[in-house]
Amino acid sequence: MALQAAVKGKLISVIGDEDTCVGFLLGGIGEINKNRHPNFMVVDKNTPVSEVEECFKRFVKRDDIDIILINQNVAELIRHVIDSHTSPVPAVLEIPSKDHPYDASKDSILRRAKGMFNPDDLSMFGADNYAT
């Protein structure tokens, strides 16, 4: 199934804790490219930050990946690298983990997106109901 997705389109990659990665792998996103590199990385308390940075940079350079999902607590470890990624593809989405809830104030991509729009422009979409 993942092979068909790779032939038809691009991949989603995941950098996160074991529960997050296993959940997405069970959902069918797992893939190993021709160089035998997977599109996911399990991060635990013993994983060096340099290894997480290297994996993120490798995912950004891969032409078969369009979306990088990363646990927000892991993203905090490599915030400077994520902030330096300004290209729209691959899109970087910070997601919560089981032990760390999502905090919109820490999401650099969301902060950038908010800076692009005037709150008055979004009121026609009902955005005034979601005050920040």
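So, here is what we can say about the structure in this document. A quick note: this is a predicted structure, and the numbers were derived from the prediction, not measured.

Procedures and definitions
Residues numbered from 1 in each chain as written. Predicted model: local features only at pLDDT ≥ 70, side-chain atom pairs only at ≥ 80, totals over all residues. Heavy atoms only, no water. Helix = DSSP H or I, 4+ residues; strand = E, 2+ residues; numbered from the N terminus. Buried < 20%, exposed > 50% of the residue type's maximum accessible area, 1.4 Å probe, protein only. Contact = heavy atoms within 4.5 Å. Salt bridge = Lys/Arg side-chain N within 4 Å of Asp/Glu carboxyl O.

### Points about the environment of Glu53
Tracing the backbone through its elements, the reader meets Glu53 in helix α3 (residues 49–61). A relative accessible area of 18% places Glu53 in the buried class. The residues contacting Glu53, other than those within four sequence positions of it, are Ile78, His80 and Val81.

### Describing the pattern of salt bridges
Applying the stated criterion across every chain yields a total of 5 salt bridges. For Arg58, the salt bridge goes to Glu54, with nearest N and O atoms at 3.5 Å. Taken as a pair, Arg58 and Glu54 lie in helix α3 at a separation of 4 residues, close to a single helical turn. Take Arg58: its relative accessible area is 31%, and that puts it in the partly exposed class. We note a salt bridge from Arg79 to Glu94, for which the minimum N-O separation is 2.5 Å. Of this pair, Arg79 sits in helix α5 (residues 79–84) while Glu94 is found in strand β4 (residues 91–95), placing the two residues 15 residues apart along the sequence. Take Arg79 and Glu94: they sit in the same class, and that class is buried. One salt-bridge network, in which partners are shared between bridges, spans Glu76, Arg79 and Glu94.

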